[in-house]
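Chain residues, written in single-letter form:
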Amino acid sequence: MRTGVFGGTFDPPHKGHARLARMAERACALDQILFIPCARQPLKAGHPEASAAHRCAMLALSLDGKANWLLDTREVERRGISYTVSTLESLRLERPDDTFFLLLGEDSFDNFARWRQPRRIIEIATLVVAKRTQNNKKWPATLAWSDSTIFLRPRPLDVSSSGVRARIAAGRPWESMVLPAVARYINRQGLYKQRRSG
Ligand code: ATP
(Lines give C-alpha, C1' and ligand atoms only; values in the text may rest on other atoms or scores of the structure.)
Protein backbone atom coordinates (compact mmCIF):
# COMPACT_ATOMS: atom_id res chain seq x y z
CA MET A 1 0.00 0.00 0.00
CA ARG A 2 1.26 3.49 -0.86
CA THR A 3 0.54 5.48 2.26
CA GLY A 4 0.70 9.25 2.69
CA VAL A 5 1.53 10.51 6.17
CA PHE A 6 0.36 14.06 6.79
CA GLY A 7 1.27 15.46 10.19
CA GLY A 8 0.39 18.94 11.41
CA THR A 9 -1.12 20.99 14.17
CA PHE A 10 -4.34 21.47 12.16
CA ASP A 11 -5.32 24.40 14.39
CA PRO A 12 -7.62 24.59 12.41
CA PRO A 13 -7.40 22.42 9.24
CA HIS A 14 -7.83 24.63 6.15
CA LYS A 15 -8.05 24.47 2.36
CA GLY A 16 -4.25 24.62 1.96
CA HIS A 17 -3.99 21.30 3.81
CA ALA A 18 -6.68 19.80 1.57
CA ARG A 19 -4.94 21.00 -1.58
CA LEU A 20 -1.61 19.50 -0.50
CA ALA A 21 -3.30 16.18 0.27
CA ARG A 22 -5.14 16.10 -3.07
CA MET A 23 -2.05 17.00 -5.08
CA ALA A 24 0.14 14.43 -3.29
CA GLU A 25 -2.52 11.77 -3.66
CA ARG A 26 -2.60 12.26 -7.40
CA ALA A 27 1.12 12.82 -8.03
CA CYS A 28 2.25 9.85 -5.94
CA ALA A 29 -0.69 7.51 -6.66
CA LEU A 30 -1.37 7.17 -2.94
CA ASP A 31 -3.80 4.49 -1.81
CA GLN A 32 -4.52 6.32 1.42
CA ILE A 33 -3.49 9.31 3.51
CA LEU A 34 -3.18 9.27 7.29
CA PHE A 35 -3.84 12.71 8.80
CA ILE A 36 -1.99 12.84 12.10
CA PRO A 37 -2.63 15.82 14.39
CA CYS A 38 0.29 16.45 16.74
CA ALA A 39 0.05 16.86 20.48
CA ARG A 40 2.71 19.55 20.41
CA GLN A 41 4.96 20.56 17.54
CA PRO A 42 8.66 20.65 18.51
CA LEU A 43 9.49 23.70 16.37
CA LYS A 44 6.47 25.84 17.30
CA ALA A 45 6.46 27.99 20.43
CA GLY A 46 3.59 27.42 22.85
CA HIS A 47 0.73 24.97 22.70
CA PRO A 48 -1.92 24.65 20.01
CA GLU A 49 -4.78 27.04 20.65
CA ALA A 50 -7.62 24.55 20.24
CA SER A 51 -7.64 21.36 22.31
CA ALA A 52 -6.59 18.08 20.75
CA ALA A 53 -10.24 17.00 20.90
CA HIS A 54 -11.37 20.04 18.89
CA ARG A 55 -8.54 19.66 16.36
CA CYS A 56 -9.36 15.97 15.87
CA ALA A 57 -13.05 16.77 15.47
CA MET A 58 -12.33 19.45 12.84
CA LEU A 59 -9.95 17.15 11.00
CA ALA A 60 -12.55 14.38 10.98
CA LEU A 61 -15.01 16.85 9.41
CA SER A 62 -12.44 17.77 6.74
CA LEU A 63 -12.01 14.13 5.76
CA ASP A 64 -15.69 13.36 5.61
CA GLY A 65 -16.65 11.56 2.44
CA LYS A 66 -13.15 10.39 1.51
CA ALA A 67 -12.89 6.77 2.53
CA ASN A 68 -9.12 6.62 2.01
CA TRP A 69 -8.34 9.77 4.05
CA LEU A 70 -8.05 8.65 7.63
CA LEU A 71 -7.64 10.38 10.97
CA ASP A 72 -4.83 8.82 13.01
CA THR A 73 -4.68 9.97 16.63
CA ARG A 74 -1.46 8.28 17.74
CA GLU A 75 0.39 11.55 18.40
CA VAL A 76 -2.30 13.11 20.57
CA GLU A 77 -2.61 9.82 22.44
CA ARG A 78 1.17 9.68 22.92
CA ARG A 79 1.04 13.27 24.32
CA GLY A 80 4.08 15.43 24.87
CA ILE A 81 6.16 16.68 21.97
CA SER A 82 5.32 14.89 18.74
CA TYR A 83 8.34 13.74 16.79
CA THR A 84 7.67 12.60 13.24
CA VAL A 85 10.43 10.02 13.43
CA SER A 86 8.65 8.24 16.32
CA THR A 87 5.40 8.25 14.37
CA LEU A 88 7.06 6.84 11.27
CA GLU A 89 8.89 4.17 13.30
CA SER A 90 5.59 3.01 14.77
CA LEU A 91 3.92 2.99 11.35
CA ARG A 92 6.83 1.05 9.86
CA LEU A 93 6.41 -1.64 12.54
CA GLU A 94 2.66 -1.85 12.02
CA ARG A 95 2.84 -1.86 8.22
CA PRO A 96 6.08 -3.49 7.14
CA ASP A 97 5.01 -3.72 3.50
CA ASP A 98 3.80 -0.14 3.01
CA THR A 99 5.68 2.53 1.08
CA PHE A 100 5.49 5.80 3.00
CA PHE A 101 5.27 9.35 1.68
CA LEU A 102 5.60 12.22 4.13
CA LEU A 103 3.56 15.25 3.05
CA LEU A 104 4.80 18.70 3.95
CA GLY A 105 4.73 22.33 2.93
CA GLU A 106 7.81 24.23 1.85
CA ASP A 107 8.14 26.01 5.23
CA SER A 108 8.40 22.64 6.99
CA PHE A 109 10.79 21.38 4.34
CA ASP A 110 13.02 24.43 4.84
CA ASN A 111 13.35 23.44 8.51
CA PHE A 112 13.69 19.74 7.84
CA ALA A 113 17.38 19.48 8.75
CA ARG A 114 16.40 20.67 12.28
CA TRP A 115 13.90 17.88 12.80
CA ARG A 116 14.78 14.94 15.02
CA GLN A 117 16.64 12.25 13.04
CA PRO A 118 15.98 13.60 9.54
CA ARG A 119 18.13 10.91 7.94
CA ARG A 120 16.08 8.17 9.59
CA ILE A 121 12.91 9.89 8.40
CA ILE A 122 14.03 9.75 4.78
CA GLU A 123 15.02 6.12 5.17
CA ILE A 124 11.41 5.38 6.05
CA ALA A 125 9.56 7.87 3.84
CA THR A 126 9.86 9.85 0.63
CA LEU A 127 9.28 13.55 1.26
CA VAL A 128 6.52 15.15 -0.82
CA VAL A 129 6.76 18.92 -0.72
CA ALA A 130 4.19 21.53 -1.77
CA LYS A 131 4.84 25.17 -2.48
CA ARG A 132 2.89 27.37 -0.06
CA THR A 133 3.27 30.90 -1.28
CA GLN A 134 4.14 32.68 -4.47
CA ASN A 135 7.78 33.69 -4.07
CA ASN A 136 10.97 33.82 -6.06
CA LYS A 137 12.61 30.89 -4.34
CA LYS A 138 14.02 28.25 -6.63
CA TRP A 139 11.61 25.37 -7.10
CA PRO A 140 12.31 22.54 -6.87
CA ALA A 141 14.90 23.13 -4.22
CA THR A 142 17.44 20.43 -3.51
CA LEU A 143 18.37 18.58 -0.37
CA ALA A 144 22.06 17.83 -0.62
CA TRP A 145 21.91 14.52 1.15
CA SER A 146 18.68 13.15 -0.21
CA ASP A 147 17.33 12.38 -3.62
CA SER A 148 14.18 10.95 -2.09
CA THR A 149 12.17 14.15 -2.34
CA ILE A 150 9.25 14.87 -4.64
CA PHE A 151 8.39 18.51 -5.33
CA LEU A 152 4.77 18.93 -6.31
CA ARG A 153 3.84 21.17 -9.20
CA PRO A 154 3.72 24.72 -7.77
CA ARG A 155 0.08 25.61 -7.22
CA PRO A 156 0.34 27.55 -3.99
CA LEU A 157 -2.72 28.36 -1.89
CA ASP A 158 -1.60 31.00 0.54
CA VAL A 159 -3.70 29.98 3.54
CA SER A 160 -2.44 29.27 7.05
CA SER A 161 -3.98 28.22 10.33
CA SER A 162 -2.45 31.25 12.05
CA GLY A 163 -4.05 33.45 9.38
CA VAL A 164 -7.46 31.89 10.03
CA ARG A 165 -7.05 32.33 13.79
CA ALA A 166 -5.94 35.95 13.45
CA ARG A 167 -8.89 36.79 11.22
CA ILE A 168 -11.39 35.22 13.58
CA ALA A 169 -9.91 37.09 16.55
CA ALA A 170 -9.98 40.35 14.58
CA GLY A 171 -13.57 39.81 13.38
CA ARG A 172 -12.50 39.71 9.73
CA PRO A 173 -13.87 37.28 7.11
CA TRP A 174 -12.25 33.85 7.29
CA GLU A 175 -14.90 31.25 6.39
CA SER A 176 -13.73 30.77 2.81
CA MET A 177 -10.30 29.62 4.04
CA VAL A 178 -11.68 26.40 5.56
CA LEU A 179 -14.17 23.76 4.47
CA PRO A 180 -17.82 24.65 5.24
CA ALA A 181 -18.20 21.87 7.84
CA VAL A 182 -15.11 23.14 9.67
CA ALA A 183 -16.41 26.73 9.57
CA ARG A 184 -19.71 25.57 11.09
CA TYR A 185 -17.83 23.69 13.83
CA ILE A 186 -15.64 26.71 14.66
CA ASN A 187 -18.69 28.96 14.87
CA ARG A 188 -20.70 26.51 16.93
CA GLN A 189 -17.86 25.98 19.41
CA GLY A 190 -16.84 29.65 19.46
CA LEU A 191 -13.18 28.80 18.76
CA TYR A 192 -10.34 31.28 18.24
CA LYS A 193 -12.23 34.39 19.33
CA GLN A 194 -9.60 35.43 21.86
CA ARG A 195 -6.36 36.65 20.37
CA ARG A 196 -3.50 34.66 21.88
CA SER A 197 0.21 34.81 21.41
CA GLY A 198 2.21 31.68 20.44
P1 ATP B 1 0.30 27.83 11.42
O2 ATP B 1 -0.12 28.96 10.54
O3 ATP B 1 -0.41 27.83 12.75
O4 ATP B 1 1.79 27.73 11.57
P5 ATP B 1 -0.10 25.91 9.26
O6 ATP B 1 -1.07 26.61 8.40
O7 ATP B 1 1.33 25.89 8.82
O8 ATP B 1 -0.19 26.45 10.76
P9 ATP B 1 0.05 23.14 10.08
O10 ATP B 1 -1.06 22.28 10.55
O11 ATP B 1 1.09 23.51 11.05
O12 ATP B 1 -0.63 24.45 9.43
O13 ATP B 1 0.71 22.50 8.77
C14 ATP B 1 0.87 21.11 8.61
C15 ATP B 1 1.64 20.87 7.32
O16 ATP B 1 0.89 21.37 6.21
C17 ATP B 1 3.00 21.58 7.27
O18 ATP B 1 3.93 20.73 6.63
C19 ATP B 1 2.72 22.79 6.42
O20 ATP B 1 3.87 23.24 5.74
C21 ATP B 1 1.68 22.27 5.45
N22 ATP B 1 0.82 23.34 4.99
C23 ATP B 1 0.04 24.15 5.74
N24 ATP B 1 -0.61 25.04 4.98
C25 ATP B 1 -0.24 24.81 3.71
C26 ATP B 1 -0.57 25.43 2.44
N27 ATP B 1 -1.38 26.48 2.36
N28 ATP B 1 0.01 24.90 1.33
C29 ATP B 1 0.86 23.84 1.40
N30 ATP B 1 1.20 23.23 2.57
C31 ATP B 1 0.67 23.70 3.70
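Residues numbered from 1 in each chain as written. Predicted model: local features only at pLDDT ≥ 70, side-chain atom pairs only at ≥ 80, totals over all residues. Heavy atoms only, no water.

S.K.: Just checking my understanding: could you explain the site of the ligand for this structure?
M.R.: Taken together, 21 residues lie near the ligand, and Lys44, Asp107, Ser108, Leu157 and Ser162 sit nearest. Contact between the ligand and Thr9: an oxygen atom at 3.0 Å from a main-chain N or O atom of the residue. In this structure, Val159 approaches the ligand through a main-chain N or O atom, which is 3.0 Å from a nitrogen atom. Relative to its unbound accessible surface of 600 Å², the ligand loses 91% to contact with the protein. Here the residues of the shell around the ligand are counted per class, giving 6 nonpolar, 11 polar and 4 charged. (Near = heavy atom within 4 Å. Polar contact = N/O pair within 3.5 Å; in protein donor to acceptor, adjacent residues only side chain to side chain. Areas by Shrake-Rupley, 256 points an atom, 1.4 Å probe, with all protein chains shown as cover. Nonpolar A, V, L, I, M, F, W, Y, C, P; charged D, E, K, R; others polar.)

S.K.: Where do I start with unusual backbone geometry in this structure?
M.R.: Glycine aside, the phi torsion of most residues is negative, and most peptide linkages are trans. With an omega of 5 degrees, the peptide bond between Asp11 and Pro12 qualifies as cis. Tracing the chain through its elements places Pro12 in the loop between strand 1 (2-8) and helix 1 (15-27). Notably, Phe10 is not glycine yet its phi reads approximately 50 degrees, a positive angle. Within the secondary structure layout, Phe10 lies in the loop between strand 1 and helix 1. Even without glycine at this site, Gln117 takes up a positive phi of about 50 degrees. Its place among the elements puts Gln117 in the loop between helix 5 (106-110) and helix 6 (118-124). (Helix = DSSP H or I, 4+ residues; strand = E, 2+ residues; numbered from the N terminus.)

S.K.: For this particular structure, what's the right way to read the pattern of salt bridges?
M.R.: Oppositely charged side chains may form a pair once their charged atoms are brought near each other. By the definition in use, this model includes 10 salt bridges. Notably, a salt bridge pairs Asp72 with Arg74, separated by 2.9 Å at the nearest N-O pair. For Asp72, a relative accessible area of 11% translates into the label buried. Residue classification places Arg74 among the buried positions, given a relative accessible area of 16%. Salt bridges here are not isolated pairs; linked through shared partners, they connect Asp11, Glu49 and Arg165. (Salt bridge = Lys/Arg side-chain N within 4 Å of Asp/Glu carboxyl O. Buried < 20%, exposed > 50% of the residue type's maximum accessible area, 1.4 Å probe, protein only.)

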